Amino acid sequence: MALPLKYHTRYLLVHRATTLLTVLVVAVVVGTFTWMSGFAAALGETLSVAGDPQKMVVVRRGSESEFNSALSMEDFNRLRQLEEIARDPETGEQLLSGEMLVQLQLPRRSDGGKTLANVAVRGLREVGAKVHRDVKIAGRFPGAGQREVIVGAAAARQFVGLEVGKSIALGYGGDRAFQIVGIFTAEGGPLESEIWGNVDTLMNAYNRNGYSSANLLFSTSVDAKALAARLEGPQIQLSGFTESEYWQKQAANIRVYLGFAYALVAFMFAAAVFAIANTMYATVAGRTREIAMLRTIGFRPPHILAGFLLESVLLCLLGGILGCLLCQAWLSMGGAMKDMYGATTFSTLAFVIRLTPMTVLFALLSVCIIGVLGAIFPARRAARIEVVTALRQT
Amino acid sequence: MTMGYVLLQNLRRNPLRTALTATAFALPMAVFVIAISIVLNLAIMSQDLAKQLRAAVHHRVSFTNFLPEGMRSRIQALDQGKNRLTAVCGMRWFGGRVPGAQNIVQSLAADHDTFPIVYPDVAMSEHEIAEWNRERRACVVGKLIAEQYGWKVGSQFSLQSSIPPYQELEFVCVKIVELSSRQSVMYFRRDYLENSLEALGAGPGGCNVFWIRARDAESLLALQRDIDAAFANSPDETKTEDENAFIAGFIQAAGNIPGLMQMLAVVVVVILGLVGGNTMMMSLRERMAELAVFKAIGFHSLRVFRLVLTESVILAIGGAAAGVIPVWALLNLIPLSVPGRGPSMPLTASWQGAAGSLFIAALIGFAAGLWPAYQAMRLKTVNALRNIGE
Amino acid sequence: MSAVDIDLRLVRKVYHKGRMNITVLDGLDLSIEGGDFAVIMGPSGSGKSTLLHLVGGLDSPTSGSVRVGDAHLERMSERELTAWRSRHVGFIFQMYHLVPVLTAAQNVELPLLLFRMSSAERRKRVETALEIVGLKDRMDHRPNQLSGGQEQRVAIARAIVTDPDVIVADEPTGDLDAKTSTEILQLLSLLNSEFRKSIIMVTHDPRAAGFGKRLLHLDKGVLERDERHTHPVQPVAV
Ligand SMILES: Nc1ncnc2c1ncn2[C@@H]1O[C@H](COP(=O)(O)OP(=O)(O)OP(=O)(O)O)[C@@H](O)[C@H]1O
Ligand SMILES: [Mg+2]
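In this text, all values refer to a predicted model and were calculated from it rather than measured experimentally.

## Thoughts on the overall build of chain B
Along its length, chain B carries 13 helices and 12 strands. For 390 residues, the compact-globule estimate of 2.2 N^0.38 gives 21 Å, and the C-alpha radius of gyration of chain B, at 29 Å, exceeds that figure by more than 25%. Expressed along its principal axes, the backbone C-alpha trace of chain B runs to roughly 100 × 45 × 35 Å. When the 390 residues of chain B are sorted by exposure, 57% land in the buried category. As displayed, chain B offers around 15200 Å² of accessible surface, 60% of which is attributable to carbon and sulfur atoms. Charged side chains of chain B number 34 positive and 30 negative; the gap between the two group centres comes to 13 Å.

## Considering the interface of chain B and chain A
Residue-level contacts link 61 residues of chain B with 57 residues of chain A. For the pair chain B and chain A, the two sides together bury roughly 4900 Å², of which 68% comes from carbon and sulfur. Taken together, the links from chain B to chain A amount to 0 salt bridges. For the pair chain B and chain A, the number of links is 6 residue pairs in polar contact (both at pLDDT 80 or more). Looking at the side of chain B that touches chain A, the elements that each hand over two or more residues are α2 (15–51), α9 (243–253) and α10 (257–296) of chain B. The leading source of residues in the side of chain B that touches chain A is α10 of chain B, at 18 residues.

## Focus on the site of ligand 1
In the vicinity of ligand 1, 15 residues are found, and the nearest of them are Arg386 of chain B together with Ser44, Lys48, Ser49 and Thr50 of chain C. With respect to ligand 1, its neighbouring residues span chains B and C. With respect to ligand 1, the side chain of Asn383 of chain B contributes an N or O atom lying 3.5 Å from a nitrogen atom. Measuring from an oxygen atom of ligand 1, one finds a side-chain N or O atom of Ser44 of chain C at 2.3 Å. Its free accessible area being 640 Å², ligand 1 has 74% of it covered by the protein chains. Elements with a minimum of two residues in the shell around ligand 1: α13 (381–389) of chain B together with β2 (20–32) and α1 (48–55) of chain C.

## Side note on the interface of chain B and chain C
Accessible area lost when the parts come together is the quantity often used to give the size of an interface. In this complex, chain B contributes 25 residues to the contact, which on the side of chain C involves 27 residues. Buried area between chain B and chain C, summed over both chains or domains, comes out near 2500 Å², and the portion from carbon and sulfur atoms is 66%. Elements supplying a minimum of two residues to the side of chain B that touches chain C: α1 (3–12), α10 and α13 of chain B. By residue class, the composition of the side of chain B that touches chain C is 13 nonpolar, 6 polar and 6 charged.

## Thoughts on the packing of aromatic side chains
All names here are of chain B. Across all of its chains, the model carries 22 aromatic pairs over all chains by this definition. Members of the aromatic cluster, each reached through a chain of ring pairs, are Phe94, Tyr149, Trp151, Phe157, Phe171, Phe188 and Tyr192. Cation over ring: Arg92 sits above Phe66, and NZ or CZ is 4.0 Å from the ring centre.

## Digging into the domain arrangement of chain A
All names here are of chain A. On domain assignment, one finds that chain A holds domain 1 (5–48 + 252–392) and domain 2 (55–219). Here the C-alpha centre of domain 2 lies 45 Å away from the C-alpha centre of domain 1. Facing 14 residues of domain 1, the contacting portion of domain 2 comprises 18 residues. A buried area of about 1300 Å², summed over both sides, lies between domain 1 and domain 2, and 54% of it is on carbon and sulfur atoms. On inspection of domain 1 and its partner domain 2, the count reaches 0 salt bridges. Our count for the domain 1 to domain 2 interface comes out at 0 residue pairs in polar contact (both at pLDDT 80 or more).

## Concerning the sheet that holds strand β10 (residues 222–228) of chain C
Residue and element names in this part refer to chain C. Spatially, β6-β7-β8-β3-β9-β10 is the arrangement adopted by the 6 strands of the open sheet, whose pairing is mixed. Lying at the two open borders of the sheet, with one neighbouring strand each, are β6 (89–92) and β10. On average, each strand axis in the sheet is inclined to that of its neighbour by 15 degrees, with strand direction left out of account. Pairing analysis gives 4 bridges linking β6 to strand β7 (residues 166–170), with the strands arranged parallel. When the sheet's bridge partners are listed, Val89 is paired in β7 with Val166. With respect to the sheet, helix α5 (residues 148–160) is in contact with β6 and β7, its orientation differing from that of β6 by roughly 170 degrees. Across the sheet, helix α6 (residues 178–194) lies against β3 (37–41), β6, β7 and β8 (198–202), angled at about 150 degrees from β8, the strand it touches most.

## Re helix α8 (residues 243–250) of chain A
Where α8 of chain A is concerned, the buried positions are Glu243, Tyr246, Trp247 and Gln250 of chain A. All buried residues of α8 of chain A project into a common sector of 85 degrees when viewed along the axis, lining one side.

## Remarks on a nonpolar patch on the surface
Residue and element names in this part refer to chain A. Residues Phe362, Leu365, Ile369 and Leu373 make up a contiguous nonpolar surface patch of about 410 Å² in total accessible area. Structurally, Ile369 is set in helix α12 (residues 357–383). The exposure class assigned to Ile369 is partly exposed, which follows from its relative accessible area of 47%.

## Concerning the side chain of Asp79 of chain B
Residues and elements named next belong to chain B. With respect to the helices and strands, the residue Asp79 is situated in the loop between α3 (71–77) and β2 (85–93). No salt bridge is formed by the buried Asp79; its nearest oppositely charged neighbour, Arg84, is found at 4.2 Å. Here Asn83 takes part through its backbone nitrogen, which lies 3.0 Å from a polar atom of the side chain of Asp79. Separated by 2.7 Å, the side chain of Asp79 and the backbone nitrogen of Leu85 make a polar contact. Residues contacting Asp79, with those up to four places away along its chain left out, are Arg84 and Leu85.

The rules behind the values
Residues numbered from 1 in each chain as written. Chains lettered and ligands numbered in written order. Predicted model: local features only at pLDDT ≥ 70, side-chain atom pairs only at ≥ 80, totals over all residues. Heavy atoms only, no water. Helix = DSSP H or I, 4+ residues; strand = E, 2+ residues; numbered from the N terminus. Rg over C-alpha atoms; globule rule 2.2 N^0.38 Å. Buried < 20%, exposed > 50% of the residue type's maximum accessible area, 1.4 Å probe, protein only. Areas by Shrake-Rupley, 256 points an atom, 1.4 Å probe, with all protein chains shown as cover. Lys, Arg positive; Asp, Glu negative; His and termini not counted. Charge placed at Lys NZ, Arg CZ, Asp CG, Glu CD. Contact = heavy atoms within 4.5 Å. Buried area = accessible area lost by both parts, 1.4 Å probe. Salt bridge = Lys/Arg side-chain N within 4 Å of Asp/Glu carboxyl O. Polar contact = N/O pair within 3.5 Å; in protein donor to acceptor, adjacent residues only side chain to side chain. Near = heavy atom within 4 Å. Nonpolar A, V, L, I, M, F, W, Y, C, P; charged D, E, K, R; others polar. Phe/Tyr/Trp six-rings, centres within 6.5 Å; stacked < 30°, edge-to-face > 60°. Lys NZ or Arg CZ within 6 Å of the ring centre and 35° of its normal. Domains from an automatic or database assignment. Pairing = 2+ DSSP bridges. Axes fitted to C-alpha atoms, helices over the stretch in contact; angles between N-to-C directions. Arc of directions from axis to C-beta. Patch = residues over 30% accessible without salt bridge, like charges linked within 9 Å, V, L, I, M, F, W, Y side chains within 5 Å.

Printed below as a string of structure tokens:
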């Protein structure tokens, strides 16, 4: 015989003010936590999407990002000799893409264009679209010799002026107009934060005569580690990372940063536990005689204990749901767009913070834990109330 | 006995509640000091930097584009009489890494003749400047880097560049820099770097940034305008930003830690307001009869209002102090640094941060106590007595 | 100081509960001489507490006049009433209503905080009040270390420490056993006879009523009976 749910919900209503304030405390803590989990999840998702297991990023030895890398034509020709590189099953074309990377400063939409972000501009040829096989282009690939670019969907969403038909100024002197002829997606991966153009046209515009890096697909029969070792070896003397390795490295500093923020939120979680405990102690104290009455009519201590735990969890769940709603409201009000430098590049990764079902589920689960932790001692006190003494008490 | 005494005794009425509330105040307040310290330190830093009257001249398209060597004299030529411009110091990113190590040391090559003039806040002594001019491998190292790698004045070490042509250079440390905005950066001589570039057939290298120092704030603004105008419509169009604007770009792009900290600070304030308000409500509910007696024996409504409000403020300050003081003491013992790109964010505790936190806590206590205090004031003595009697 | 008389004329008290009007007192006339000890009895809900609250200046009549000494309570603002109460009335309640975190002496001292008075003077007054109620040796005990009767004595000491003209007591013995009740009632008679305090007391206990000099019966807001005891129970020196 457990206490009916109604008994508890009614009390939550009786002490409306206290219930409301406690629910709000939980809501604010959970809202903050959810925002940060959403942030971490969005970032993690962006980076893990870039996990083509057959793709390798090749850079100059000693360089840890494509931007700081330079490959001469000899370097590139040595790469060409590798028989590990996969070939297009139809055309037999080697799936090796020599690429050039530069940066462009663009205003952010999120703050109305007040601040600028460094956006990556990548030059490649059409074979690049086959190497980066997640990429889907709406529009056409920039033609050879044409001053045309296509923009990643995330970049288009987050920076001002990236619309099909418009032009952006590129080139070393920032004085050559390139027309935007398409938008591309990369299943939400980091490439979506980039702008792509034809490598030869861009090299010309930036007075360059070598690639920055190369991307390649290797045959399924090839072991990634062995290939990386071969690239490092005396014959080629370059560095290769699988794509996921490369992007995970970019997240290193962001992880430290998030770790710090999580530590701070943990403090607030603890505070919420104390706030709940406070409320629950007051509830129990105010109902001492009533609990004694329940005991006399046959409820046993475990029922009382479970009842108060339930009441607290109910209170917290209410807060948790409200917190998730608050967070969602904040995100829909424009707080969702975020971009950050990678650990080794000075160019921006753009992503959108979203509340995934997992995040919400996790938030609600933690909220239940808060509820139980906060109520455990007050509920035990309630369960231990001595009937005779309590009834005699005024 | 005084009213103050009665007030303090009131907090002892329900020690458990007082303790829980104080803890619920202390924990978020610990977060608050940390957050506010970072924001405050950055504000102090940017104030100090503004006094330094420096601006960065970089390529308009991106500071990863190199500006030619010769630009330094062209900038100097804009102010022949040196009425506005103190000095120009070219800088080039080196991005060196201790061989075998993971992390990159923020390392920059700087013109050795003008570096001490443009950066007087680095506070190089005459002796140190002499060393810096004599030894081509000389470098000045930020305190945090020096601590990380165990370098001292006189230490020799080598760094390998992470940008083309990836050369490895050897350095001799001539100074450890304590200045808070330069604790995680290292500077060395650009002529040394250019020589190594030439030896590898990669010279001349050029600069990422030319830092200028002006005589006064007005001159700085004028110079910014003049420099950008002078190079307009050339392949090396420039963008000149004062030091704070230049740094702000990095901070923003590195995840905007100050923004996050401000958000957390606001969240903390909201939480504390709710916690404080809740406690005062609960304790009021239990004390209705007693407050009614206070009024019956002649305590005026305003006195009761003050009584409840003061109690709330004392509770808030007490709880906050329990969170603020340990964190403050801890940060005084072990100063931390928040990871981030560009300037490191020193997380040292300032007394302003601590005092400010306590002040904010007092305000929160005040705000949280207002409604309960108002209710206590409005309390109808007769009704309250009746409700309890029943 | 001459004892203060009380005079109620045509007192009406109406409570509004939603759209309902509850008339508790309807044109009540009552005079109590200075130095009297009036006991009010009557069934529950007859308006006894209401009457006490009016006399004590805790509440104001809907119409009619309430005069205590030369103070016309019905003409006073809330603020004036509060100030008046602190000097002229002492309250005693059934539930004692002591502040649990203060000692007996501190509880008694509480009303004196409203006066400009040196702490030495306050101390003297507190000691005197506690001596009168016979609790001088319990000065530093907290309420939870005292018995119900002792708590009520502390409450009485608190009521008399400001040397009020009138003492208003609502069922002061309602929570006490017969023997303790007798002690409390003897104490009240003593205050009335020795210190010339006018006392109005509500009680349900006929034995308690015997300690008064005058007995009033209230029923449905109307004074039913008004009798004078010629031989009230004499106070015994405590
Ligand atoms: N604030 C109020 N609103 C409405 N009705 C009220 C209010 N206060 C008192 N009453 C009513 O006034 C009537 C008289 O109440 P009062 O407390 O004076 O009775 P009493 O004689 O003291 O009763 P008891 O012996 O039970 O203490 C009651 O019917 C009560 O319901
Ligand atoms: Mg009554």
